[in-house]
Structure formats: C-alpha cells, structure tokens
Amino acid sequence: MSSPSSAARVAAPDTLTLTRPDDWHLHVRDGAALASVLPHTARQFARAIVMPNLRPPVTTTAQALAYRERILAARPAAGEPGADFQPLMTLYLTDNTPAEEIAHAKAAGIVALKLYPAGATTNSDAGVTDIRRTYATLEAMQREGVLLLVHGEVTDPAVDLFDREAVFIEQVMQPLRRDFPELKVVFEHITTREAAQYVAGAGPHTAATITAHHLLYNRNAIFQGGLRPHCYCLPVLKREQHRQALLAAVASGSDRFFLGTDSAPHAAVMKEASVCGAGCFTAPAALELYAEAFESVGALDKLDAFASAHGPAFYGLPRNTGTVTLRREPWALPESLPFAEDAAIKPLRGGEILPWRLVD
Ligand code: NCD
Ligand code: ZN
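The structure contained in this document is the topic of the report that follows.

Analysis parameters
- Residues numbered from 1 in each chain as written.
- Chains lettered and ligands numbered in written order.
- Predicted model: local features only at pLDDT ≥ 70, side-chain atom pairs only at ≥ 80, totals over all residues.
- Heavy atoms only, no water.
- Phe/Tyr/Trp six-rings, centres within 6.5 Å; stacked < 30°, edge-to-face > 60°.
- Helix = DSSP H or I, 4+ residues; strand = E, 2+ residues; numbered from the N terminus.
- Buried < 20%, exposed > 50% of the residue type's maximum accessible area, 1.4 Å probe, protein only.
- Expected span 1.5 Å × (residues − 1).
- Contact = heavy atoms within 4.5 Å.
- Pairing = 2+ DSSP bridges.
- Axes fitted to C-alpha atoms, helices over the stretch in contact; angles between N-to-C directions.
- Near = heavy atom within 4 Å.
- Polar contact = N/O pair within 3.5 Å; in protein donor to acceptor, adjacent residues only side chain to side chain.
- Areas by Shrake-Rupley, 256 points an atom, 1.4 Å probe, with all protein chains shown as cover.
- Nonpolar A, V, L, I, M, F, W, Y, C, P; charged D, E, K, R; others polar.
- Right-handed = clockwise from strand over helix to strand, strands pointing away.
- Donors = N, O, S within 2.8 Å, 3.2 Å for Na, K, Ca; no water.
- Tetrahedral: all angles 85-135°; square planar, octahedral: opposite > 155°, others 65-115°.
- Core = buried A, V, L, I, M, F, W, Y, C linked by side-chain atoms within 4.5 Å.
- Salt bridge = Lys/Arg side-chain N within 4 Å of Asp/Glu carboxyl O.

This part is about the packing of aromatic side chains. In this structure the tally under the stated criterion is nine aromatic pairs. Residues tryptophan 24 and phenylalanine 258 carry aromatic rings whose centres are separated by 6.2 Å and whose planes lie at 75° to one another, so their mutual orientation is edge-to-face. Highlighted residues: tryptophan 24 in strand β2 (residues 22–26) and phenylalanine 258 in strand β9 (residues 257–259), separated in sequence by 234 residues. Accessibility classification places tryptophan 24 together with phenylalanine 258 in one group, the buried group. A connected cluster of aromatic rings, assembled from ring pairs, spans Trp24, Phe258, Phe314 and Tyr315.

This is the structure:
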C-alpha cells in the first residue's frame, strides 16, 4: 500500500506546498545592510532566529529589543508578502553574561543565547574563552527554559580546521550535556558525520540546524577551477562523506534536525578580497536550494516537517499557519543584488539556473 509520501517520491511532483516555514539560524546585520537583506528572508519565512554577532555584539536584553525594532522597521510594507515576518531574538553569550540577565531576557521574549567560542568565526572576538565561566548563566537558562545555540568548533590552532567540529563534540558538547542534561541545546549548522551521529543519539534536548549549502556542496566547491570565495563559510564545507551523512540525517525524517540557513551576508568586495570573510548568502533562494538538496536523495516528502514542524516543536513554539508553494520552474538567480549603500552582494548560486522556484 502506498502512503502519500512514497507516492510523492515516485511521482516527482512539480508543485510542493509547505506549511509556512521558519529559518532557525540567520544573520541579517544592521543599518543599510539589514534593509537590503531582510526582505529576502521575510518573503520566504514567517520567523527567523536572528544571530546576535553584530559589532558590538547583542549581549543585553535592552540591546536585543532595540535590534528587534530595527528589524521590524526593515520588513516589507504592510500588504506586501513578508510584512508580518517575526524575528526571534537571541543574546550573545560572553564570559561575563550575568545569570540575572536570563530572567529579564525570558520575560522580554528572548528565546536563546548563542555560544561562540572566542575567535571561531565572523565577529566572535567577544565569545566565550572557557565554557566553565558561563556555568552560572547556563544554570539559569536551564531553569528558565532559554535555549543554548552553539557554534560547535574548537578554536585551538593546533587542531586542523576540518576537524574542529568533531573535536568540539568531545571537548565541549559531551561535558555540557552531562552537566546540564535539561538544557535545550541546538548544535548549529552541523557539517560532519560525527555531529549528525552525535545529535541523533543525544536525547530529546539536543537538536541541530543544517544549512542548504552544506547539503548541496562538499569542500571541492571551494576550489572548483580557482578559489571560490562565495563558497567559503564557517564551519567550512567538508568532505563528500560528511555531506552524505547530513543528507541521510534529513532524509531520515528525524525531528532532531531542522532548517537553519546560516545566510551570512557580506558585500561582494569583502568576499572577493585578499582576506575573504566567512559566510554564504543564501536568503534569496533558501527554500529553492533546500528543495533541490532534498530531491537529490528522494526526500522531498521530508522537507515540510524539516522546514516547518521540527523547529517549532523543539523551541516550544506554535507552528505557523498558511502555506508557501514551490514550483518546478527553472529560473536564473541574479548574479548580484543591491546591498547596503551602493554595494553589491553575490548570492550563492547567483547567475545559475535553479530547478525550483518559490511562487509569491
Ligand atoms: C557568519 C557571519 O558572517 O556572521 N559566517 C559564517 O560563515 N557562517 C558567522 C557564523 O555563523 O559562523
Ligand atoms: Zn551563523
């Protein structure tokens, strides 16, 4: 007997209708850059977890609430698609985040704190130098039901860049889980088989986001015919066997894995420089890229729950109402888009033909 999901796999549908999805890991920057990138996400997603790695970082409830207002002001005008987009705010965890801040944060609607190991990625200098310094704050988060979102890479220069996620599991995740068993932890943008296996077996309070670019590309993409700055992100793309493990994780339908684009906009001049900032800008075609990745492993029937159900369930938030539709309709993603004041930004896959298109 064939279920609707297996029928969808066999029939290779030309239209996909999803419950309105959310992006559980997003960078939208600030000021003029915010105004140029936010509408792309608002068109695709009802809500997004907004990363706090501004300069200076968003470390207090007051800063997060002010940032939230700036994000709301950057939404499309009333009546346009995306006008009702809702940012979900986070704080940047530092060695000095007071435990008392957590109750204020919770009362103000802040849903999570982000742990960046100091120096791990873009704008992370203020990050945590030793997780044990944050234990009183983590205790308060566990008590208040505020999530911990983790950039899971060690920063020890003696550890090879490609091994930093796997080493983080042993050095940080396992002790963290042992010491705070009830804390909800999201292992953000996982990139390796080790992380996928760890999350699948870590119990109901551990989940992971997975980006579209880590599902679509392995590390060869960074070197394809020359150095490709727009494929450079952190955690860096890994070997094919790891990409396959991520695809298997999403194709399994496990509710521990959900959508987080990690769309991380940088002006093209910053990417195409002698020192290139880390980040892939995927917001303009995020759902299209995920659909392509899921279809590559015959898992289109798993996309709806990955994009729309697993995230809200883990965060303890309601699912969205309404739907979005993707159509099989090849289209050219623009090579370059306007960014901030007089600058340009190059979306991942810009200038190429994408097989799926989000219909407004
Ligand atoms: C992010 C950014 O640019 O803010 N870059 C990235 O490569 N993902 C930071 C981050 O999430 O690591
Ligand atoms: Zn990120």
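The next point concerns helix α9 (residues 240–251). Taking 1.5 Å of rise per residue, twelve residues should cover 16 Å, and α9 covers 16 Å from first to last C-alpha, within 8% of that figure. Against α7 (193–200), β8 (206–210), α8 (212–216), β9, α11 (286–296) and α12 (303–308) lie the buried residues of α9. Backbone geometry just after α9 places glycine 253 at a positive phi near 80°.

One open sheet accounts for three strands, arranged β1-β10-β13; its pairing is antiparallel. Looking at which strands have only one partner, the edges of the open sheet turn out to be β1 (15–19) and β13 (353–359). Averaged over all pairs of adjacent strands, the angle between their axes in this sheet comes to 35°, without regard to strand direction. Helix-sheet contacts for α11 involve β1, β10 (323–332) and β13, and the interaxial angle to β13 is about 120°.

Moving on to unusual backbone geometry. Leaving glycine out, the prevailing phi sign among residues is negative, and the prevailing peptide bond configuration is trans. Residue proline 56 is bonded to the preceding arginine 55 through a cis peptide linkage, with omega at -5°. Checked against the element boundaries, proline 56 lands in the loop between β3 (47–50) and α3 (61–73). Following leucine 234, the chain continues into proline 235 via a peptide bond in cis, with omega recorded as -10°. Tracing the backbone shows proline 235 in the loop between α8 and α9. A positive phi angle, near 60°, is found at arginine 29, a position not held by glycine. Inspection of the secondary structure assignment puts arginine 29 in the loop between β2 and α2 (31–44).

What follows concerns the site of ligand 1. The local shell around ligand 1 holds 15 residues, among which Arg29, Asn53, Thr121, Leu234 and Asp262 are the closest. The separation between an oxygen atom of ligand 1 and a polar side-chain atom of histidine 27 is 3.0 Å. Within the side chain of histidine 151, a nitrogen or oxygen atom sits 3.4 Å from an oxygen atom of ligand 1. Computed on the free molecule, ligand 1 has an accessible area of 310 Å², of which 100% lies beneath the protein chains in the complex. Broken down by class, the residue content of the shell around ligand 1 amounts to four nonpolar, nine polar and two charged.

Turning next to the pairing of strand β5 (residues 112–115). Side-chain alternation along β5 places Ala112 and Lys114 on one buried face and Leu113 and Leu115 on a second face that is also buried. In this fold, strand β4 (residues 86–92) hands off to helix α4 (residues 101–107), which returns the chain to β5; that crossover is right-handed. For β5 and strand β6 (residues 147–150), the ladder comprises four bridges, and the chain directions are parallel. Bridge pairing in β6 places alanine 112 opposite leucine 147. Handedness of the crossover joining β5 and β6 through helix α5 (residues 135–144): right-handed.

This paragraph deals with the coordination of the zinc ion (ligand 2). Here the zinc ion (ligand 2) is held by the protein donor atoms His25 (NE2), His27 (NE2) and Asp262 (OD), which lie 2.0 to 2.1 Å from it. Taken together, the four donor atoms coordinating the zinc ion (ligand 2) and their angles of 91 to 144° define a geometry best described as irregular. Mapping the donors of the zinc ion (ligand 2) onto the primary sequence yields the spacing H-x1-H-x234-D. With histidine 25 in strand β2 and aspartate 262 in the loop between β9 and α10 (268–271), the pair connects residues that are 237 residues apart, well separated along the chain. For histidine 25, a relative accessible area of 1% gives the class buried.

Formed by 98 residues in total, the largest nonpolar core has its most connected members in Leu148 and Phe187. The greatest single-element share of this core, amounting to seven residues, is contributed by α11. Setting aside anything within four residues of it in sequence, one finds leucine 148 in contact with Leu93, Leu113, Leu115, Leu138, Met141, Leu176, Leu183, Lys184, Val185 and Val186. Membership of the second largest hydrophobic core comes to 15 residues, among which are Leu147, Leu149, Val186 and Phe258.

A complete count under the given rule lists 19 salt bridges for this structure. The partner of arginine 319 in a salt bridge is aspartate 304, with the nearest N and O atoms 4.0 Å apart. Taken together, the positions of arginine 319 in the loop between α13 (310–315) and β10 and aspartate 304 in helix α12 put the pair 15 residues apart, joining distant regions of the chain. Judged by relative accessible area, arginine 319 falls into the partly exposed class, the value being 42%. A residue is classified by how much of its surface remains accessible, and aspartate 304, at 24% relative accessible area, is partly exposed. We note a salt bridge from arginine 357 to glutamate 329, for which the minimum N-O separation is 3.6 Å. Here arginine 357 is found in strand β13, whereas its partner glutamate 329 is found in strand β10, with 28 residues between them in sequence. Taken together, the salt bridges that share partners define one network made up of Asp14, Glu295 and Arg328.

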